[in-house]
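Okay, here's what each chain looks like letter by letter:
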Amino acid sequence: MTDSVAVVGGGAVGVTAARALADRGADVTLFERGAIAAASTGRAAGICYDAFAGRIDAAVAARAMAHFRDLAAETRFSLVERPYVWLAREGDEARAEAIREQVPRMRERGRAVELLDPVALAAEFPALRTDDVAVAAVARDAGCADPAEYAAAVAERAREAGATIRTETEVALTDGPAVVTPDGTVEFDAVLVAAGAHTRPLLAEAGVAVPIKAYRVQALVTEPIPASERVPTLYDATEQFYWRARDGGLLVGDGVEKRDFDPEDWDRTADEAFLDSAVERADAALATGEPRPAAVERSWAGLCTATPDRDPLLGEIEPDRFVAAGWHGHGFMRAPALGRTIAGEILGDDGIEEFDPTRFDGDEQFPVVEGMTVE
Ligand SMILES: Cc1cc2nc3c(=O)[nH]c(=O)nc-3n(C[C@H](O)[C@H](O)[C@H](O)COP(=O)(O)OP(=O)(O)OC[C@H]3O[C@@H](n4cnc5c(N)ncnc54)[C@H](O)[C@@H]3O)c2cc1C
């Protein structure tokens, strides 16, 4: 029987799993090398939606949205309901066709998404520039949140359910279900590695190979603009950037560098080239007459994790050792569901077969594909 569990990583996924494990009576200790949400979770944009066409992805995202709303009802965490629009512009027929093809499949999965022509898009979202839009789609079951606030609220609930949360405690792995802490090696019945971009090197030191790459992405928040509260969350598939309303301005993201980064050695500040091009593209996506953002208030870079088939590694990788990573930039929005799934699997429930981490040898060579890519 699994009674004691170590969770390595205090991001959105680790805290969700820790809470679910503690709620089900397990003796949980979460180890986080820095503070809760110190890594990717604290750098995420906080966009959530259920606009997925695949059977499993759609079900996971729908469950996650429900859990976000439950958490918002029971804690100080807040989810701002806001539609998610994605679009392709004229001349980008391949992506326009991909959107036309995706939406009926999402609807078959019961998702509240619809295609919008430029006239309907302009009518609903007048702050958007629509004259060159070929096709747009809108997901109604979508929102925005503060990922660090999510992690803090869930960690608090985990503590209340009896979990021990040890921040500023870096651990290593060793043979079997044990972790090496600064005070010595501690044995558990099971260990979950939810260490984000550190997952591959951490497991590698214990002789376990997983095909996860850490790629770099960037984001900025503009100074406040009037359109902020009137625009939907947007992914412009042609120009390849996204935005969401944030702090009265726009949080604009992209700047993807699709190579594998050492999680100990990468530039956490955004590049000048990204700042210029992101502001320019955001500017071009606002309707004529809307006041433009004149300045960037803050910016940063972060790491996301990729796998060869773009599905996560979620499940038992070695006897009593579990992994949860490889989110392709969609780890926050799926954490409320997949953190519970991995907790259940540790306690003997079925996992998600398609995400079984043993489907790979661990030494696969593969290109990084960014998660929002429409193709
Ligand atoms: C700019 C940006 C924007 C994003 N926007 C979105 C978005 O809008 N929506 C979305 O769904 N996703 C988004 N993401 C992706 C999202 O941030 C991640 O998928 C998600 O946060 C992953 O959570 P995690 O818990 O797996 O990893 P992390 O948050 O990285 O947590 C892993 C934790 O493990 C800890 N750790 C590592 N090694 C050790 C060790 N040896 N001992 C102890 N602790 C250790 C780290 O300190 C870290 O806190 C974005 C990412 C970035 C960078």
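So, how was this worked out
- Residues numbered from 1 in each chain as written.
- Predicted model: local features only at pLDDT ≥ 70, side-chain atom pairs only at ≥ 80, totals over all residues.
- Heavy atoms only, no water.
- Core = buried A, V, L, I, M, F, W, Y, C linked by side-chain atoms within 4.5 Å.
- Buried < 20%, exposed > 50% of the residue type's maximum accessible area, 1.4 Å probe, protein only.
- Domains from an automatic or database assignment.
- Contact = heavy atoms within 4.5 Å.
- Buried area = accessible area lost by both parts, 1.4 Å probe.
- Salt bridge = Lys/Arg side-chain N within 4 Å of Asp/Glu carboxyl O.
- Polar contact = N/O pair within 3.5 Å; in protein donor to acceptor, adjacent residues only side chain to side chain.
- Nonpolar A, V, L, I, M, F, W, Y, C, P; charged D, E, K, R; others polar.
- UniProt positions renumbered as here; feature names shortened; annotations may be inferred.
- Helix = DSSP H or I, 4+ residues; strand = E, 2+ residues; numbered from the N terminus.
- Pairing = 2+ DSSP bridges.
- Axes fitted to C-alpha atoms, helices over the stretch in contact; angles between N-to-C directions.
- Near = heavy atom within 4 Å.
- Areas by Shrake-Rupley, 256 points an atom, 1.4 Å probe, with all protein chains shown as cover.
- 1 Å grid on protein atoms, 1.4 Å probe; cavity = no way out; pocket = protein on both sides within 12 Å on 5 of 7 lines; lining within 4 Å.
- Points joined across faces, edges and corners; volume = space filled by probe spheres on them.
- Parallel < 35°, antiparallel > 145°, perpendicular 65-115°, else oblique.

Under an unreviewed UniProt entry, the name given to the chain is FAD-binding oxidoreductase, and the source organism is Halorientalis pallida.

Draft legend 1. Expanded view of the nonpolar core. Counting residues in each nonpolar core, the largest one holds 79 residues, and the members touching the most others are Tyr49, Tyr84, Trp86 and Leu192. Both domain 1 (4-46 + 146-210 + 308-359) and domain 2 (83-141 + 214-306) contribute no fewer than three residues apiece to this core. Formed by 26 residues, the second largest nonpolar core is a distinct cluster that contains Ile225, Leu234, Leu250 and Ala285.

Draft legend 2. Seen up close, the domain arrangement of the chain. Parsing the chain into structural domains produces domain 1 (4-46 + 146-210 + 308-359) and domain 2 (83-141 + 214-306). Distance between the C-alpha centres of domain 1 and domain 2: 29 Å. Each side of the interface is counted separately: domain 1 has 16 residues, and domain 2 has 18 residues. For the pairing of domain 1 and domain 2, the buried interface totals around 1300 Å² over both sides, and the portion due to carbon and sulfur atoms is 48%. Considering only the surface of domain 1 that becomes buried against domain 2, Arg43, Ala45 and Ala197 emerge as the three largest contributors, covering 44% of it. At the junction of domain 1 and domain 2, the tally comes to three salt bridges. In this structure, arginine 200 engages aspartate 260 in a salt bridge whose closest nitrogen and oxygen atoms are separated by 2.9 Å. The interface formed by domain 1 and domain 2 holds 10 residue pairs in polar contact (both at pLDDT 80 or more) in total. A per-class count over the side of domain 1 that touches domain 2 returns five nonpolar, seven polar and four charged.

Draft legend 3. Summary view of the UniProt feature "domain: FAD dependent oxidoreductase" (unreviewed entry) in the chain. Per the UniProt entry, the sites bearing "domain: FAD dependent oxidoreductase" (unreviewed entry) are residues 5-343 in this numbering. Taken as a whole, residues 5-343 contains 31% helix and 31% strand, while its terminal C-alpha atoms sit 10 Å from one another.

Draft legend 4. Focus on the sheet that holds strand 18 (residues 296-306). Reading across the sheet, the eight strands line up as 6-7-5-15-16-17-14-18 and stay open at both edges, with mixed pairing between neighbours. Looking at strand neighbours, the two that pair on one side only are strand 6 (113-116) and strand 18, the edges of this open sheet. On average, adjacent strands in this sheet sit at an angle of 20° to one another, irrespective of strand direction. Its contacts with the sheet put helix 8 (residues 272-284) on strand 14 (213-222), strand 16 (241-246), strand 17 (249-257) and strand 18, and the angle it makes with strand 17 is roughly 125°.

Draft legend 5. Looking closely at the site of the ligand. What surrounds the ligand is a group of 37 residues, the closest being Glu32, Thr41, Ile47, Val171 and Met333. A distance of 3.0 Å is found between an oxygen atom of the ligand and a backbone nitrogen or oxygen belonging to glycine 331. The backbone of methionine 333 places a nitrogen or oxygen atom 2.7 Å from an oxygen atom of the ligand. If the ligand stood free it would expose 1000 Å²; the protein chains cover 97% of that surface. Among the elements of the structure, helix 1 (12-23), helix 2 (40-43), strand 18 and helix 9 (331-346) are those that each provide at least two residues to the shell around the ligand. Across the shell around the ligand, the residue classes tally to 20 nonpolar, 13 polar and four charged.

Draft legend 6. Local environment of the environment of glycine 329. Here glycine 329 is to be found in the loop between strand 20 (321-325) and helix 9. Owing to a relative accessible area of 41%, glycine 329 belongs among the partly exposed residues under this scheme. Through-space distance from the C-alpha of glycine 329 to that of cysteine 304 is 5.6 Å; in sequence the pair is 25 residues apart. Setting aside anything within four residues of it in sequence, one finds glycine 329 in contact with Tyr215 and Cys304.

Draft legend 7. Main features of empty space enclosed by the protein. Evaluated as defined, the whole model comprises one cavity of 30 Å³ or more. By volume, the largest cavity amounts to about 30 Å³. Lining the largest cavity are Ala197, Arg200, Pro201, Ile212, Lys213, Ala214, Asp260, Phe261 and Pro263. When contributions to the lining of the largest cavity are tallied by element, the ones reaching two or more residues are helix 7 (199-205) and strand 14. Split into classes, the residues belonging to the lining of the largest cavity amount to six nonpolar, no polar and three charged. Counting the residues that make up the lining of the largest cavity, at least three belong to each of domain 1 (4-46 + 146-210 + 308-359) and domain 2 (83-141 + 214-306).

Draft legend 8. The layout of surface pockets, seen in detail. There is about 580 Å³ of room inside the second largest pocket. Taken together, 25 residues make up the lining of the second largest pocket; nearest its centre are Phe52, Gln102, Arg310, Gly371 and Thr373. Secondary-structure elements contributing two or more residues to the lining of the second largest pocket are strand 5 (84-89) and helix 4 (93-108). At four residues, the largest contribution of residues to the lining of the second largest pocket is made by helix 4. Residue composition of the lining of the second largest pocket, by class: 11 nonpolar, six polar and eight charged. Lining the lining of the second largest pocket are residues from two domains, each supplying at least three of them: domain 1 (4-46 + 146-210 + 308-359) and domain 2 (83-141 + 214-306).

Draft legend 9. Representation of the packing of helix 3 (residues 55-74) against helix 9. Packing of helix 3 against helix 9 leaves a shortest axis separation of 7 Å and a crossing angle of 95°. With respect to each other, helix 3 and helix 9 are oriented roughly perpendicular. For the pair formed by helix 3 and helix 9, the contact residues are Asp57, Val60, Arg63, Ala64, His67 and Phe68 on the first element and Phe332, Met333, Arg334, Pro336, Ala337, Leu338, Arg340 and Thr341 on the second. Split by residue class, the contact of helix 3 with helix 9 holds eight nonpolar, two polar and four charged.

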